[in-house]
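Residues per chain are reported as follows:
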Amino acid sequence: MPPAGPVRTDLRMGLVGVAAWGGGLAAGLLPGGWRLVVAGLCVVVPLLLAWRATAWGATALACGVALVAVLGVAELRAERVGTDPTAALARDGAAVSGSLVLTSDPRPIAAARGDAVVLRAQVRELTGRGSTWRVRSPVLVIAPGSWAEVPLGAEVGFAGRLEETEPGERHLSAVVVAVGEPRRGAAPDPWWRATAALRASLREAVAHRPAPERVLVPALVAGDDAGLDPAVAEEFRATGLTHLLAVSGTNLTLLLGALLLTARAVGLRGRALLLLGLLGVLGFVLLARTEPSVLRAAVMGVVGLLALTRGGGGRAVRSLGVAVLVLLLLDPALAVAPGFALSVLATAGIVLLAPRWRDALARWLPRWLAEAIAVPTAAQLACTPVVAGLSGQVSLVAVAANLLAAPAVGPATVLGLLAGCLGLVWPWAGRQVGTLATWCVGWIVEVAHRGAALPTAAVDWGTSAGALVVLTALTVLLAWRGPWLVGSRARGVLLCLVLVVAVLVRPPTPGWPPRGWSVVACDVGQGDALVLATAPGRAVLVDVGPDPAAVDRCLDDLGVETLDLLVLSHFHADHVDGLRGALEDRAVGEVWVSRVLDPTDGAREALALAREQGVPVRPAPYAGTWTSGDVRLQVLWPTAGEPAPGPGDGSAANDASVVLLAEVHGLRVLLTGDVEPPGQAALARTLPGLDVDVLKVPHHGSRHQDLDWLLSLRPEVALLTVGEDNGYGHPSPDLVRTLQGAGTRVLRTDTDGALAVLGDGDAAGAPATLTAR
């Protein structure tokens, strides 16, 4: 028998999936007229190609049909959603009441006033403008924190206001801004109650274990990451392990694998095995919730299961194409969802790239090790442009981190589910198995922590179209030539050494920080973190931003090893959640805080963390002065008083911000936290004639300001600490124009990156490429 030639991959069904994806993208991104043009071209051109009766002509016709089908389904859904009574009332901003059924779990969000949750629901009955309708309208609900206890699948009565959705959310009828308490109606269906009991049992089985392990086990099993420390989430992101915190095809594969192996052991075969697998998929969907990301994982799991049972190892591309087509016909809005893109690209990378990389590595490595390296490499490579577009970073340790974490992922997932099931009937046994699951997760946490702590775990990458095109080109080049690079021992070892050096040695950042800097506003996203230089390697830090890793990187780049003083102006998350990043591996003299301990949770966690590190904490002393090196501080606000808890919902925090007047290298700098107009007016009365060189604009430049007071300060430079594309409308364009019209130079961290003010009063904005990393 002659030797078999190379197996050629049949790409036709994959191309159909790509075409279907194109239809979804057209529906989500193009205006109406262009959608019609695309649909017309995708009918006419394939018909012309198919006229020649070639195989590729038939494929082109199938691609055209798939694209038009997904586009048509999207248009029909959008038409139905956009013309129902809910959407019509939303266009008028109507006040309504009615009933709805929750279709997702409530998730807490940051709100300007008090706790709030966001959830998805389907409105069943709606009353507004004197009429009542029976509808089935999908909506997004923003509700008070009391809604957090409403279970998935429950029917509740509500009152509130309807708002229009964003242009890209054509699959939703409206946004419901609910007010007041939910009025409980019908209980969830039995299957929702059963899965809620299983999720509760899973959480209870690991509740006795320390964080973050007790949070990560439910995240691995069912995507339930409620309560995860933002610092841990950042470490997982930096090391390319974020996919473990969400429901993915990997979760389903591991759980199905354990289920089917057990079934085979007890003698199930053939159709019974297939039926059990499908029931397992259904159970997984109910456990992890019927959200788009879960359905995506389930459909791909079903297709993979069917291909497996038919002996279709070589049909992976066809299976993937079918999965994409089916998913987009079910929900065209998935086409513009980042999670969908990452899932499809990772799977495509494993299917198309991993075999070539594995075969190349297998020339000098054991085959099992070659495969273990090739799979995460291929998945990460395929996803790199999308990840960079979302995060502005490229991880250099993702492949190694996934390789090290992989042995613990399967046992942790299976043991976690087993712990939840056992806990329903025998809580003690559930806790013992849950302990084993957290041990496995502990290894994953350690991998993420150690990997993220490396000097260059990730590198910044621009999110502009040009930057992403360049990265995509580099990715394609590496995918093509990568197998040659790793195909010999010498080249493979050399490549590993280059990568190790790149990760362990932080490259210098030319021109940053500028020589003689006095004040730096760190680029920490939507939050504050300002550094005042007291001496070489020493500084005062005012607020720590929302992200521990971001403030840590900023301080590292400035060479700050000792914080003579750390001030937390108030306890909102965008000012205190980065505290761990500032405290760890640095000496800290003391911490000053606002005397109003509001919101309660933020204050409690920040104070506990500071005391855990052995740092003394006290309220900022009103009218008191403090001097260290080149910095002299005076506390201007809030006025003297005993520490008080406040209402607990965060509503009193802003106007209780610690306001500081600093003198640094001859500059007068006013640091205002988020003080509101009433506090600003009080400062104006208390300190008439106050004149400063540098103003940290209150509350990220919100429109709520005492403009007369701000202008009376006559600052030469105004610093706006604001996150790119934030949802708060910060900074107010009117405020920026007013300051600039008064001759003030306005600098923004969202557009200029980290900002440094020099001791001679000059100001320098660090370009994004020079921002601390």
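Residues numbered from 1 in each chain as written. Predicted model: local features only at pLDDT ≥ 70, side-chain atom pairs only at ≥ 80, totals over all residues. Heavy atoms only, no water.

All right, on to the overall build of the protein chain then. Within the protein chain, the secondary structure is distributed over 26 helices and 24 strands. Residue burial in the protein chain is summarised as follows: out of 773 residues, 48% are buried. For the protein chain, the share of sequence-separated contacts (at least 6 apart) that also reach a separation of at least 24 residues comes to 70%. Per element, the accessible surface of the protein chain, about 35200 Å² overall, is 62% carbon and sulfur. (Helix = DSSP H or I, 4+ residues; strand = E, 2+ residues; numbered from the N terminus. Buried < 20%, exposed > 50% of the residue type's maximum accessible area, 1.4 Å probe, protein only. Contact = heavy atoms within 4.5 Å. Areas by Shrake-Rupley, 256 points an atom, 1.4 Å probe, with all protein chains shown as cover.)

What follows is about the pattern of salt bridges. Per the stated rule, a full pass over the model turns up 19 salt bridges. The residue R129 makes a salt bridge to D92 at a minimum N-O spacing of 3.7 Å. Of the two residues, R129 is situated in the loop between strand 3 (116–128) and strand 4 (131–144) and D92 in the loop between helix 4 (85–91) and strand 1 (95–102); the sequence distance between them amounts to 37 residues. A salt bridge links R580 to E584, with the shortest nitrogen-to-oxygen separation between them at 3.6 Å. Residue class for E584 comes out partly exposed when judged on its relative accessible area of 29%. Through salt bridges with shared partners, a single ionic network connects R358, D359 and R367. (Salt bridge = Lys/Arg side-chain N within 4 Å of Asp/Glu carboxyl O.)

What follows covers the state of the cysteines. Per the stated rule, a full pass over the model turns up one disulfide. A disulfide bridge connects C522 with C554, and the sulfur atoms are separated by 2.0 Å. Across the S-S bond linking C522 and C554, the dihedral sits near -75 degrees, which makes this disulfide left-handed. One end of the pair, C522, is in the loop between strand 9 (517–521) and strand 10 (530–535); the other, C554, is in helix 19 (residues 548–558), and 32 residues separate them in sequence. (Disulfide = S-S within 2.5 Å.)

Moving on to the sheet that holds strand 22 (residues 745–748). The strand order across the open sheet formed by seven strands is 16-17-18-19-20-21-22, and the pairing between neighbours is mixed. Both edges of this open sheet fall to strand 16 (625–628) and strand 22, since each of them pairs with a single strand only. Strand-to-strand twist across the sheet, computed as the mean angle between neighbouring axes with direction ignored, equals 20 degrees. Relative to strand 18 (residues 659–664), strand 17 (residues 631–637) is paired through six bridges, and the arrangement is antiparallel. Within strand 18, the position partnered with W637 by the bridge is V659. (Pairing = 2+ DSSP bridges. Axes fitted to C-alpha atoms, helices over the stretch in contact; angles between N-to-C directions.)

On to the layout of surface pockets. Over the atoms, a rolling probe the size of a water molecule traces out where space has been left empty. Within this model, the second largest pocket holds a volume of roughly 1300 Å³. At the level of elements, helix 13 (354–361), helix 14 (367–391), strand 7 (393–395), helix 15 (398–425), helix 16 (427–452), helix 17 (465–485) and helix 18 (489–504) are the ones that each hand at least two residues to the lining of the second largest pocket. The leading source of residues in the lining of the second largest pocket is helix 18, at nine residues. (1 Å grid on protein atoms, 1.4 Å probe; cavity = no way out; pocket = protein on both sides within 12 Å on 5 of 7 lines; lining within 4 Å. Points joined across faces, edges and corners; volume = space filled by probe spheres on them.)

What follows is about the pairing of strand 5 (residues 155–163). Pairing analysis gives seven bridges linking strand 1 to strand 5, with the strands arranged antiparallel. Paired with V101 across the two strands is E155, which belongs to strand 5. In this sheet, strand 6 (residues 174–184) lies alongside strand 5 in antiparallel orientation, the contact comprising seven bridges. Note on strand 6: the bridge partner recorded for G157 is R183.

Quick look at empty space enclosed by the protein now. One pass over the full model with this rule turns up two cavities of 30 Å³ or more. Size it by volume and the second largest cavity reaches roughly 40 Å³. Around the second largest cavity, the lining residues are L216, L220, F236, L244, L245, V441 and I444. Those elements that provide at least two residues to the lining of the second largest cavity are helix 6 (213–222) and helix 16.

Here the focus is the pairing of strand 3. In this sheet, strand 3 lies alongside strand 1 in antiparallel orientation, the contact comprising six bridges. Each residue of the ladder has a partner; that of L102, found in strand 3, is A121. In terms of strand pairing, strand 2 (residues 107–109) meets strand 3 through three bridges, oriented antiparallel. Residue pairing in the sheet places P108 in a bridge with V117 of strand 3. In this structure, strand 3 lies alongside strand 4, joined through twelve bridges in antiparallel fashion. Within the sheet, the bridge partner assigned to L119 lies in strand 4 and is V141. Hairpin geometry of strand 3 and strand 4 is characterised by an intervening segment of two residues between the two adjacent antiparallel strands and by a positive phi of about 55 degrees at R129.

Mapped onto the elements of the fold, D674 is located in the loop between strand 19 (667–671) and helix 23 (677–686). No salt bridge forms around the buried D674; measuring N to O, its nearest opposite-charge neighbour K696 is 4.4 Å away. Among the polar contacts listed, one links the side chain of D674 to the backbone nitrogen of H699, at a separation of 3.4 Å. If near-sequence neighbours (up to four positions away) are discounted, D674 is found in contact with H570, D574, H575, N654, D655, S657, K696, H699 and H700. (Lys, Arg positive; Asp, Glu negative; His and termini not counted. Polar contact = N/O pair within 3.5 Å; in protein donor to acceptor, adjacent residues only side chain to side chain.)

Take a nonpolar patch on the surface next. Among the surface-exposed residues, L25, L29, L30 and V336 lie close enough to one another that they form a single nonpolar patch of about 320 Å² accessible area. Relative to the assigned elements, V336 resides in the loop between helix 11 (316–330) and helix 12 (338–352). Relative accessible area serves as the criterion here: at 38%, V336 is assigned to the partly exposed category. (Patch = residues over 30% accessible without salt bridge, like charges linked within 9 Å, V, L, I, M, F, W, Y side chains within 5 Å.)

Turning our eyes to something else, we now look at the packing of aromatic side chains. Applying the stated criterion across every chain, the model contains two aromatic pairs. Their ring planes at 85 degrees and their centres at 5.2 Å tell us that W21 and F340 sit as a pair that is edge-to-face. Linking W21 in helix 1 (residues 12–29) with F340 in helix 12, this pair joins segments that are 319 residues apart in sequence. Taking the relative accessible area as the measure of exposure, W21 reaches 16% and is therefore buried. A relative accessible area of 0% means that F340 is categorised as buried. Measuring from ring centre to ring centre gives 5.8 Å for W426 and W428, while their planes differ by 35 degrees; the resulting arrangement is tilted. Of note, R481 hangs over the ring of W480, and the distance from its end group to the ring centre comes to 5.3 Å. (Phe/Tyr/Trp six-rings, centres within 6.5 Å; stacked < 30°, edge-to-face > 60°. Lys NZ or Arg CZ within 6 Å of the ring centre and 35° of its normal.)

Looking now at the packing of helix 13 against helix 14. Where helix 13 contacts helix 14, the axes come no closer than 8 Å and their chain directions differ by 145 degrees. With respect to the hand of their crossing, helix 13 and helix 14 are arranged in right-handed fashion. On the side of helix 13, the interface is formed by A354, W357, R358, D359 and L361, while helix 14 contributes R367, A370, E371, I373, A374, V375, T377, A378 and L381. Here the residues of the contact of helix 13 with helix 14 sort into nine nonpolar, one polar and four charged. (Left-handed = near helix turned anticlockwise from the far one by under 90°. Nonpolar A, V, L, I, M, F, W, Y, C, P; charged D, E, K, R; others polar.)

Attention now goes to helix 25 (residues 733–741). Every buried residue belonging to helix 25 is among L735, V736 and L739, and all of these are buried. Each buried residue of helix 25 lies within a common arc of 100 degrees when the element is viewed along its axis, so the set occupies one face. Opposite the packed face of helix 25, turned more than 90 degrees from it, sit the exposed residues R737 and G741. For helix 25, the elements touching its buried residues are helix 24 (707–712), strand 21 (717–720) and strand 22. Looking one or two residues beyond helix 25, the residue adopting positive phi is G743, at roughly 90 degrees. (Arc of directions from axis to C-beta.)

The subject of this paragraph is the confidence of the model for the protein chain. When the pLDDT values of the protein chain are averaged, the result is 83; 86% of them are 70 or greater. Below pLDDT 50 for its whole length, residues 307–313 participates in four contacts with residues either more than four positions away or in separate chains. Low confidence marks residues 761–773, where pLDDT is under 50. Its contacts with residues over four positions away, or in another chain, come to 41 contacts. (pLDDT = per-residue confidence, 0-100.)

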